[in-house]
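# Descriptive analysis of the structure
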Amino acid sequence: HPVAAAKQCVTADHASNGRFALNVVCGWSSPDLEMFGTSVTEHEQRYEMAAEWLDIIRRLWTEGEFDFEGKFFKVPKGFAEPKPIQHPHPPIMNAGASPIGARFAAKYADIAFTVFFEGAFDANKAQVDNLRRVAREDFHRELQVWTGVWVVCRPTEKEARDYANYYIYEKGDWEAVENLTRELGIKASEYLTPEQLQRVKYRFVAGWGGLPVIGTPGQVVDQLLELSRTGLDGVVLSWVNYHQEMREWARDVL
């Protein structure tokens with residue numbers, strides 16, 4: 001419920017001294033939703049519900065007592081204290097990829113996630129530009145645009161690529177990815193060739209669909225600079241071994 005969620009977020013914001021952000025996901029996994037006694041709803045309705053949910057949370061974070069009655073939620077005498085440390089509230093992230101989802105992110109999110117593809121600088125830049133254009137022209141607001149990347153950084157490019165092949169092809173849970181792509185409805189079609197579908201599965205095994213960044217520290221920096229030139233504001237980084245590889249990142253890449 002948005003009242004409970006708003007209070008949980010404020011607790012996290014205070015405990016982290018203002019380093020909290022809220023990532024809004026509008027529900028797509030049938031097994032997850034069935035555990036709560038519900039099911040996946042029609043695509044557009046999910047975003048209508050999320051808009052109400054966010055409206056309530058933002059008002060709890062920024063206002064005094066208020067009444068709310070919408071299609072999905074009714075909150076009489078809504079009130080929450082304390083307020084977040086961050087002003088006016090913690091940043092809200094969203095990764096809507098469909099046309100409806102992208103407009104939702106442009107309207108409600110402070111940070112919009114988008115999916116980048118290898119060797120597609122112009123198309124990637126167009127995604128960033130379009131998200132910002134919709135936010136400015138249709139909703140009179142600014143937002144940041146981020147993407148997700150997974151990193152394999154080693155002293156030599158061969159070592160990096162060998163390790164990527166090892167953990168993806170030899171140790172990867174390909175059965176889980178088959179289940180995931182089936183649940184998401186991702187399959188070969190007129191829009192997605194079998195080769196492209198296999199690439200999607202590879203990226204899910206490697207780093208939950210993120211963009212690969214593989215190579216030496218210098219090559220990693222070059223790839224990040226190329227991403228920056230698209231106009232991105234930030235990237236969400238992922239590694240296989242966080243404890244070891246984050247230290248190497250700070251020492252060798254930064």
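Anything mentioned here points back to the structure above.
The present account deals with the structure reproduced in this document. (Residues numbered from 1 in each chain as written. Predicted model: local features only at pLDDT ≥ 70, side-chain atom pairs only at ≥ 80, totals over all residues. Heavy atoms only, no water.)

### Details of the packing of helix 9 (residues 217-228) against helix 10 (residues 242-253)
Taken N-terminus to C-terminus, the directions of helix 9 and helix 10 make an angle of 85°; their axes are 10 Å apart at the nearest point. In terms of orientation, helix 9 lies roughly perpendicular with respect to helix 10. Residue-level contacts link Pro 217, Val 220, Val 221 and Leu 224 of helix 9 to Trp 249, Asp 252 and Val 253 of helix 10. Grouping the constituent residues of the contact of helix 9 with helix 10 by class yields 6 nonpolar, no polar and 1 charged. (Axes fitted to C-alpha atoms, helices over the stretch in contact; angles between N-to-C directions. Helix = DSSP H or I, 4+ residues; strand = E, 2+ residues; numbered from the N terminus. Parallel < 35°, antiparallel > 145°, perpendicular 65-115°, else oblique. Contact = heavy atoms within 4.5 Å. Nonpolar A, V, L, I, M, F, W, Y, C, P; charged D, E, K, R; others polar.)

### Points about the nonpolar core
A general feature of soluble globular proteins is that nonpolar side chains tend to end up buried together. In terms of nonpolar packing, the biggest core is built from 24 residues, with Leu 22, Leu 54, Ile 56, Trp 61 and Phe 104 touching the most fellow members. Sorting the residues of this core by element identifies helix 1 (2-15), strand 1 (22-24), helix 3 (43-62), strand 2 (66-69) and helix 4 (99-108) as the ones contributing at least two each. Top element by residues in this core is helix 3. It accounts for 8 residues. Counting residues in hydrophobic clusters, the runner-up holds 22 residues, among them Leu 131, Leu 143, Val 213 and Trp 239. (Core = buried A, V, L, I, M, F, W, Y, C linked by side-chain atoms within 4.5 Å. Buried < 20%, exposed > 50% of the residue type's maximum accessible area, 1.4 Å probe, protein only.)

### Quick word on the packing of helix 7 (residues 174-184) against helix 8 (residues 194-207)
A pair of packed helices is captured by two measures, namely the crossing angle of their axes and the spacing between those axes. Direction vectors running N to C along helix 7 and helix 8 enclose 120°, while the axes themselves pass 10 Å from each other. The hand of the helix 7/helix 8 crossing is right-handed. In this structure, helix 7 contributes Trp 174, Val 177, Glu 178, Leu 180, Thr 181 and Leu 184 to the contact, and helix 8 contributes Gln 198, Lys 201, Tyr 202, Phe 204 and Val 205. Here the contact of helix 7 with helix 8 is composed, by residue class, of 7 nonpolar, 2 polar and 2 charged. (Left-handed = near helix turned anticlockwise from the far one by under 90°.)

### A word on helix 7
Those residues of helix 7 lying buried are Trp 174, Val 177, Leu 180 and Thr 181. Down the axis of helix 7, the buried side of the element spans an arc of 110°, and every buried residue falls inside it. Facing away from the buried surface of helix 7 by more than 90 degrees, the exposed residues are Glu 175 and Arg 182. Summarising the contacts, the buried residues of helix 7 are in contact with helix 6 (157-170) and helix 8. Two residues or fewer past helix 7, Gly 185 is found with a positive phi of approximately 80°. (Arc of directions from axis to C-beta.)

### Notes on helix 8
Turn by turn, an α-helix covers 3.6 residues, leaving residues three or four places apart pointing in a common direction. With 14 residues, helix 8 extends 20 Å from end C-alpha to end C-alpha; this agrees with the ideal 20 Å at 1.5 Å per step. For helix 8, the complete set of buried residues consists of Leu 197, Val 200, Lys 201, Tyr 202, Arg 203, Phe 204, Val 205, Ala 206 and Gly 207. Packed against the buried residues of helix 8 are strand 6 (144-153), helix 6, helix 7 and strand 7 (211-215). Among the residues trailing helix 8, Trp 208 stands out with phi positive, at a value near 50°. (Expected span 1.5 Å × (residues − 1).)

### As for the packing of aromatic side chains
Counting across every chain of the model gives 12 aromatic pairs. An angle of 35° between the planes, with centres 5.7 Å apart, marks the rings of Tyr 169 and Tyr 202 as tilted. Taken as a pair, Tyr 169 in helix 6 and Tyr 202 in helix 8 lie far apart in primary sequence, 33 residues in all. Between the aromatic rings of Phe 204 and Trp 208, the centroid separation amounts to 5.4 Å while the plane-to-plane angle is 70°, which identifies the pairing as edge-to-face. (Phe/Tyr/Trp six-rings, centres within 6.5 Å; stacked < 30°, edge-to-face > 60°.)

### Observations concerning the side chain of Thr 181
With respect to the secondary-structure elements, Thr 181 resides in helix 7. Among the polar contacts made by the side chain of Thr 181, one reaches the main-chain carbonyl oxygen of Glu 178 at a distance of 3.2 Å. (Polar contact = N/O pair within 3.5 Å; in protein donor to acceptor, adjacent residues only side chain to side chain.)

### A word on the pattern of salt bridges
Within this structure, the stated rule accounts for 16 salt bridges. The partner of Arg 141 in a salt bridge is Asp 110, with the nearest N and O atoms 3.8 Å apart. In this pair, Arg 141 sits in the loop between helix 5 (121-139) and strand 6 while Asp 110 sits in the loop between helix 4 and strand 5 (111-113), placing the two residues 31 residues apart along the sequence. The class of Arg 141 is buried, set by a relative accessible area of 18%. A network of salt bridges, in which partner residues are shared, links Glu 118, Arg 199 and Arg 203. (Salt bridge = Lys/Arg side-chain N within 4 Å of Asp/Glu carboxyl O.)

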